[in-house]
Amino acid sequence: MQRLLVLDALVVDPSQGLSGRYDVLVEDGRVAAIERKIKPTSDMETLPAKGLIMAPGFIDLHTHLREPGSETAETIESGTRAAARGGFTTIYCMPNTNPVCDSATGVQYVLSRAAAVGCVRVVPIAAITRGLEGKSLTNFGLLLDRGAGAFSDGALGIMNAEVMRRALEYTRMLNVPVFEHCEDLDLSGDGVMHEGPVSVRLGLKGIPRTSESIMVSRNVALAAMTGGHIHICHVSTRESVEAIREAKRNGVHVTAEVDPHHLILTDEAVIGYNTNAKVKPPLCGEEDRLALVQALEDGTIDCVTSSHAPHSNSAKDNVFDHAPFGVIGMESAFPVLYTEFVAKGRWSIDFLVEKLTASPARVMNKPWGHLQVGAQADFVLIETGTDHTFGREDLASRSSNCPFLGRTVSTRIAATFVAGNPVHVHPAIFPNGIAGSPQVATPAKVRKSAVKPKPAKKPARAAKSASKTSTGTKKGKRTSK
Amino acid sequence: MKTEEKINFGHKDLLGIENLTPGEIMQLLDAAVAFKGVLTRDVKKVPTLRGRTVVNLFYENSTRTRTSFELAARRLSAEVLNFDVATSSVKKGEVLYDTVETIEALGADYIVLRNGNSGSPHFLARSVKASVINAGDGLHEHPTQALLDAFTIRESLGDLKGLHVALIGDILHSRVARSNIFLLTKLGVKVTLIGPPTLVPDDFRPLGVRICHTLREGLRDVDVIYLLRIQMERQQTNLFPSLEEYRTLYGINTERLKWAKPDAIVMHPGPVNLGVEISRDVMTMPQAKILQQVTNGVAVRMAVFYLLQGVREQNAKIART
């Protein structure tokens, strides 16, 4: 029997109202006991965690792992490592790969790759429509049976209301949510950022705020009509928040997520044509940002997701119009949210942990995201209280399109465990590693091998784009105050 | 003009008006006065850029702007290379950066860039040693146009401060409008934008301008009537119903000129859609300064090269010591 005793950690588990110093015993990958004091015995590995927060492993309902099809940007291997680095132990991945994950084979591919090379639990989200064309529905029942966790057309909203109606109507009997990126493509047109004074100043084409909220309103109306479960992806505007709040009040089965960049940054982050602030939905105004923070606090928005969307450096190092939409966020999500909201006193640590664990589990109706006795020992150890600059060395992703590079954060993920096994160990916090970790001596090495295939054609230019990124994030930081 | 004179202008590139100080703008306008003097001499050439190479890289056709830059560079004794994008590999999908890398490898000191993407010169300026001059980027800025406009206004009406300029037309899609708004508001000029809400959205207000949707009201007490070219393609995008309707609501003719101040001047960046935004008879009136704008364009662009060259030489001196 494998036994690991975590000593004197500050255990934060909102699912059981736990917030205090405990010893935690893990046996054969499961939580065996949480008590004020557990006496170590000779058959236990001990892990002193004094001063560290111990929380259930985070759950991310919205990531893009890019495999198959865009392996220069991310793979299931590098994406799960990015998850581990950020404290996530369960991640849902979107189906907009190439080929699209719209078949049993596609779902099986993701699951088998994750089993072979992934280090955290991966749940594939299968497509709502074949080929993401927005026309004909995929085999929901069959795909669910093969291991799909939800349905979504990824970054493409379903424009045809009839198709959306049928998707919600049909999935009701399967008890599975439809994840929807809400966007009216006609209104968005060829816009590249939030439409407002900043887009006018920069001469960039705007995406009007109603592009999202009109579709949110339509989708909650269809959910109300059908009784299906609609999950609104990465909410970005005040009006969308209002529509969701109203729908929840009326008993519609709607849930919603928000990502760290929309909680922290505004459209001013784009100034300087910073392509690492180019996302869909776009970063909006300060009043939107505040509405999102409040909506998360009052439960209108259920949980936080990263919307991790890797794009290779060469794709993002471009003129703004031509750079792809999307930013990565698994590694930075907890550090920036903790720094911005917990360290500054607006949120308790319990609240933030809940929005990353129990809340997303509740959205998916899964028994995950907690450390109750008997649960799989997926957990994260967190160091807080000292300032660090969040930099490229904090990323495990193959891409570095993170809008928070260069930002000061006051926390680091010390270690991440899946089923009692360490999948990330911060070398500066645990210089001697953690027993049982296959990665004790290798994290740097593994990372290098993943980074190597990146085209190093123009070293001088790569260095420049790094400095560009950091000025961009500095700007973002200023606006967030 | 002696190169030893003190140069305060502090930019390697001219990317836009927005990041210039009022002092830098005045410095450019004052230098342009001297170059306009050069242009009236028998020998219209000075040696400022002797041995330097200027590359005109135009991704959108613009004979006027390109010719104006070319003439300005030649009169400063530079070598000029026109990179014909239509026949080059750019059409085959070569990305902007690679093209410019090639141009720089050929030894360009100045890259004059016209490109359909907002922010493209800013993107380039971060990675090349040559000085980048923005000759129009997407909907964003066209700084030399705004400078030559200010120069022309000053030549006709004197000190800019306190004047009232009305910009009329498709403001939303106009880089000329944006650069003019930045420049004029910096110099204390009152700016009114005139056009339908689809082309003049309220989001312009934070830039410090007045917005007016009716021509008559907008032209009241105006010193300068600045017309923008209406793009024929915009009719298909429902931003306005038809050219006919546009002419009826916003077209300038001799009758409507009277709605502005009696000595108001009329300007247009060209090329003009005769009979749409402006009638033929207004074009021939002495108040119309459209050809004068073209002449002044050369002097202003010479001034831009001159001041950038000063900065380049200063930077080179610093690098040597």
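Here the residue numbering is sequential within each chain, running from 1 through the sequence in written order. Whichever chain is written first becomes A and whichever ligand is written first becomes 1, with later ones labelled in order. For this predicted model, a pLDDT threshold of at least 70 governs which residues receive local features, and a threshold of 80 or more governs which side-chain atom pairs are given and counted, while totals over whole chains, interfaces and linings are taken from all residues. As a rule here, side-chain values come from all non-hydrogen atoms in the structure, and water together with hydrogens is ignored.

Caption draft 1: Geometry of the overall build of chain A. Secondary structure elements are taken from DSSP: a helix is a run of H or I of four residues or more, a strand is a run of E of two residues or more, and numbering for both begins at the N terminus. Along the backbone of chain A there are 16 helices and 18 strands. Here the globule rule is a power law, 2.2 Å times the number of residues to the power 0.38, and the radius of gyration is based on C-alpha atoms. Its C-alpha atoms give chain A a radius of gyration of 21 Å, near enough to 23 Å, the size a compact globule of 481 residues would have. Buried residues are those whose accessible area, probed at 1.4 Å on protein chains only, stays under 20% of the maximum for their type, while exposed residues exceed 50% and partly exposed ones sit between those limits. Across the 481 residues of chain A, 62% fall into the buried class. Here, residues are in contact when the closest pair of their heavy atoms is within 4.5 Å. Within chain A, contacts between residues separated by at least 24 positions form 74% of all contacts whose residues are at least 6 apart in sequence. The Shrake-Rupley method, run with a 1.4 Å probe, gives the accessible areas here. Residue values count only the displayed protein chains as cover. Total accessible area on chain A stands at roughly 17,600 Å², and carbon and sulfur atoms take up 52% of it. None of His or the chain ends enter the tally, which takes Lys and Arg as positive and Asp and Glu as negative. Every charge is mapped onto a representative atom, which is NZ of Lys, CZ of Arg, CG of Asp or CD of Glu. Each charge class in chain A can be summarised by its mean position, and for the 54 positive and 50 negative side chains these summaries are 6 Å apart.

Caption draft 2: Molecular detail of the domain arrangement of chain B. Residues and elements named next belong to chain B. An automatic or database domain assignment provides the domain bounds reported here. Structurally, chain B comprises domain 1 (3–142 + 294–313) and domain 2 (143–293). One C-alpha centre belongs to domain 1, the other to domain 2, and the line joining them spans 25 Å. Contacts between the two partners involve 36 residues from domain 1 and, on the opposite side, 30 residues from domain 2. The term buried area refers to how much accessible surface (probe radius 1.4 Å) is lost by two components on association, counted for both of them together. For the pair domain 1 and domain 2, the summed buried surface comes to about 2,700 Å²; carbon and sulfur atoms form 64% of the total. In terms of surface lost to domain 2, no three residues of domain 1 exceed Ile-17, Leu-139 and His-142, which account for 25% of the buried area on that side. Every case where a carboxyl oxygen of Asp or Glu lies within 4 Å of a side-chain nitrogen of Lys or Arg is listed as a salt bridge. Where domain 1 meets domain 2, there are three salt bridges. Residue Asp-30 pairs with Arg-154 through a salt bridge whose shortest N-O separation is 3.1 Å. In protein, a polar contact requires one atom able to donate a hydrogen and another able to accept it; more generally it is a pair of N or O atoms within 3.5 Å, and residues adjacent in sequence count only if both atoms are side-chain atoms. Where domain 1 packs against domain 2, one counts 25 residue pairs in polar contact (both at pLDDT 80 or more). Among the elements that take part in the side of domain 1 that touches domain 2, helix α1 (residues 22–39) stands out by supplying nine residues, more than any other. Here the nonpolar group is Ala, Val, Leu, Ile, Met, Phe, Trp, Tyr, Cys and Pro; Asp, Glu, Lys and Arg are the charged ones; every other residue, Gly included, is treated as polar. Of the residues contributing to the side of domain 1 that touches domain 2, the split by class is 17 nonpolar, 10 polar and nine charged.

Caption draft 3: The arrangement of the side chain of Asn-401 of chain A in detail. Residue and element names in this part refer to chain A. Relative to the elements of secondary structure, Asn-401 occurs in the loop between β16 (379–389) and β17 (408–418). At 3.3 Å, the side chain of Asn-401 and the backbone nitrogen of His-311 are in polar contact. Contact partners of Asn-401, with chain neighbours within four places excluded, come to Asn-276, Ala-309, Pro-310, His-311, Lys-316, Gly-326, Val-327 and Ile-328.

Caption draft 4: Representation of the confidence of the model for chain A in the model. The predictor attaches a confidence to each residue, called pLDDT, with possible values from 0 through 100. Per-residue confidence for chain A gives a mean pLDDT of 92; residues scoring 70 or more make up 90%. The low-confidence segment residues 439–481 of chain A (pLDDT under 50) makes 60 contacts with residues lying over four places distant or belonging to another chain.

Caption draft 5: View of the packing of helix α4 (residues 161–171) of chain A against helix α7 (residues 210–226) of chain A. All names here are of chain A. An axis is simply a line fitted to the C-alpha atoms; with a helix, the fit covers only the stretch in contact. Between two such axes, the angle follows the N-to-C directions and lies from 0 to 180 degrees. Close contact between α4 and α7 brings their axes to 9 Å; oriented N to C, the two are set at 45°. Classified by the interaxial angle, the pair formed by α4 and α7 is oblique. Two packed elements cross with a definite hand, and for α4 against α7 that hand is right-handed. Here Ala-161, Met-164, Arg-165, Leu-168 and Glu-169 of α4 lie close against α7, whose contacting residues are Arg-218, Asn-219, Leu-222, Ala-223, Met-225 and Thr-226. Split into classes, the residues belonging to the contact of α4 with α7 amount to six nonpolar, two polar and three charged. In what follows, roughly perpendicular refers to angles from 65 to 115 degrees, roughly parallel to angles under 35, roughly antiparallel to angles over 145, and oblique to any angle outside these ranges. By convention the crossing between two helices is left-handed if the near helix lies anticlockwise of the far one by an angle smaller than a right angle, and right-handed if it lies clockwise.

Caption draft 6: Structural context of the sheet that holds strand β1 (residues 53–58) of chain B. All names here are of chain B. Think of it this way: DSSP has to see at least two bridges between two strands before they count as a pair. Judged by pairing direction, the sheet is parallel, and its four strands sit side by side in the order β2-β1-β3-β4 without closing on themselves. Each having just a single partner strand, β2 (79–84) and β4 (131–137) make up the two edges of the open sheet. Strand-to-strand twist across the sheet, computed as the mean angle between neighbouring axes with direction ignored, equals 15°. Two strands pair when backbone bridges link them, and strand β3 (residues 110–115) and β4 are joined in this way by five bridges, in the parallel orientation. Bridge pairing in β4 links Asn-115 to Asp-137.

Caption draft 7: Focus on the sheet that holds strand β13 (residues 230–232) of chain A. Residues and elements named next belong to chain A. With parallel pairing, eight strands are arranged side by side in an open sheet as β6-β7-β8-β9-β10-β13-β14-β15. Each having just a single partner strand, β6 (58–63) and β15 (303–304) make up the two edges of the open sheet. In this sheet, strand β10 (residues 178–180) lies alongside strand β9 (residues 150–152) in parallel orientation, the contact comprising two bridges. Paired with Phe-151 across the strands is Val-178, a residue of β10.

Caption draft 8: Up close: unusual backbone geometry. The omega torsion of the bond from Asn-98 of chain A to Pro-99 of chain A falls at 5°, within 30 degrees of zero and hence cis. By the element assignment, Pro-99 of chain A lies in the loop between β7 (88–93) and α2 (104–117). With an omega of -10°, the peptide bond running from Gly-270 of chain B to Pro-271 of chain B counts as cis. Examined against the element boundaries, Pro-271 of chain B turns out to sit in the loop between β9 (265–267) and α10 (280–283). Phi at Arg-66 of chain A takes a positive value of approximately 65°, unusual for a residue other than glycine. Within the fold, Arg-66 of chain A resides in the loop between β6 and α1 (76–86).

Caption draft 9: Region of interest: the packing of helix α12 (residues 333–342) of chain A against helix α13 (residues 349–356) of chain A. Residues and elements named next belong to chain A. At their nearest, the axes of α12 and α13 sit 10 Å apart, and the two run at 145° to each other. When you trace α12 past α13, the crossing you get is right-handed. Together, Phe-334, Leu-337, Tyr-338 and Val-342 of α12 and Ile-349, Leu-352 and Leu-356 of α13 make up the contact between the two elements. Tallied by class, residues from the contact of α12 with α13 come to seven nonpolar, no polar and no charged.

Caption draft 10: Focus on the confidence of the model for chain B. Mean pLDDT over chain B works out to 92, with 95% of the residues at or above the 70 mark. Interface scoring of the predicted complex returns ipTM 0.91; its pTM is 0.90.

Caption draft 11: Just the nonpolar core, in detail. Residues and elements named next belong to chain A. Working definition of a nonpolar core: buried Ala, Val, Leu, Ile, Met, Phe, Trp, Tyr and Cys residues. They are joined through side-chain atoms within 4.5 Å. By size, the foremost hydrophobic cluster in this structure holds 99 residues, and its most contacted members are Phe-58, Ile-232, Leu-263, Ile-301, Phe-334 and Trp-347. Here the element with the most residues in this core is α12; it accounts for seven residues. Setting aside its immediate chain neighbours within four residues, Ile-301 contacts Val-235, Val-241, Ala-256, Glu-257, Val-258, Leu-292, Ala-295 and Leu-296.

Caption draft 12: Seen up close, the packing of aromatic side chains. Under the pairing criterion, centres of Phe, Tyr and Trp rings, with the six-membered ring standing for Trp, must be within 6.5 Å; the plane angle then separates stacked pairs below 30 degrees from edge-to-face pairs above 60, leaving the rest tilted. The final tally for this structure, using the stated rule, is 13 aromatic pairs over all chains. The interplanar angle of 85° and the centroid separation of 6.2 Å between the aromatic rings of Phe-69 of chain B and Phe-305 of chain B together place this pair among those described as edge-to-face. Pair noted here: Phe-69 of chain B is in helix α2 (residues 63–75) and Phe-305 of chain B is in helix α11 (residues 290–320), with a separation of 236 residues, a long-range link. Considered together, Phe-69 of chain B and Phe-305 of chain B belong to a single accessibility category, that of buried residues. Counting every residue linked through ring pairs, the aromatic cluster contains Phe-58, Phe-88, Phe-334 and Tyr-338 of chain A. By definition here, charges over rings are those cases where NZ of Lys or CZ of Arg is within 6 Å of the ring centre and within 35 degrees of the ring normal. Across from the ring centre of Tyr-22 of chain A, 4.3 Å away, lies the NZ or CZ of Arg-36 of chain A, which sits over that ring. Taking NZ or CZ as reference, Lys-278 of chain A lies 5.4 Å from the ring centre of Phe-320 of chain A, over its face.

Caption draft 13: Region of interest: the environment of Met-285 of chain B. All names here are of chain B. Summarising the element assignment, Met-285 is placed in the loop between α10 and α11. The spacing of Met-285 and Thr-248 is 37 residues in sequence and 21 Å in space, taken between C-alpha atoms. The contacts of Met-285, once residues within four sequence positions are left out, are Thr-254 and Leu-257.

Caption draft 14: Broad picture of the side chain of Arg-398 of chain A. Residue and element names in this part refer to chain A. With respect to the element layout, Arg-398 can be found in the loop between β16 and β17. Despite being buried, Arg-398 has no salt bridge partner; Glu-77 is the closest side chain of opposite charge, sitting 5.3 Å away. Here the side chain of Arg-398 touches Glu-71 through a polar contact of 2.7 Å, landing on its backbone oxygen.

Caption draft 15: Expanded view of the interface of chain B and chain A. Contact residues are listed per partner, giving 23 residues for chain B and 20 residues for chain A. For the pair chain B and chain A, the summed buried surface comes to about 1,800 Å²; carbon and sulfur atoms form 59% of the total. Considering only the surface of chain B that becomes buried against chain A, Phe-123, Arg-126 and Asp-203 of chain B emerge as the three largest contributors, covering 32% of it. The tally of links from chain B across to chain A stands at one salt bridge. For the side of chain B that touches chain A, the elements supplying multiple residues, two or more each, are α3 (96–105), α4 (120–125) and α6 (175–186) of chain B. Considering every element that reaches the side of chain B that touches chain A, the biggest residue donor is α3 of chain B, with four residues. Among the residues forming the side of chain B that touches chain A, the class breakdown is eight nonpolar, eight polar and seven charged.

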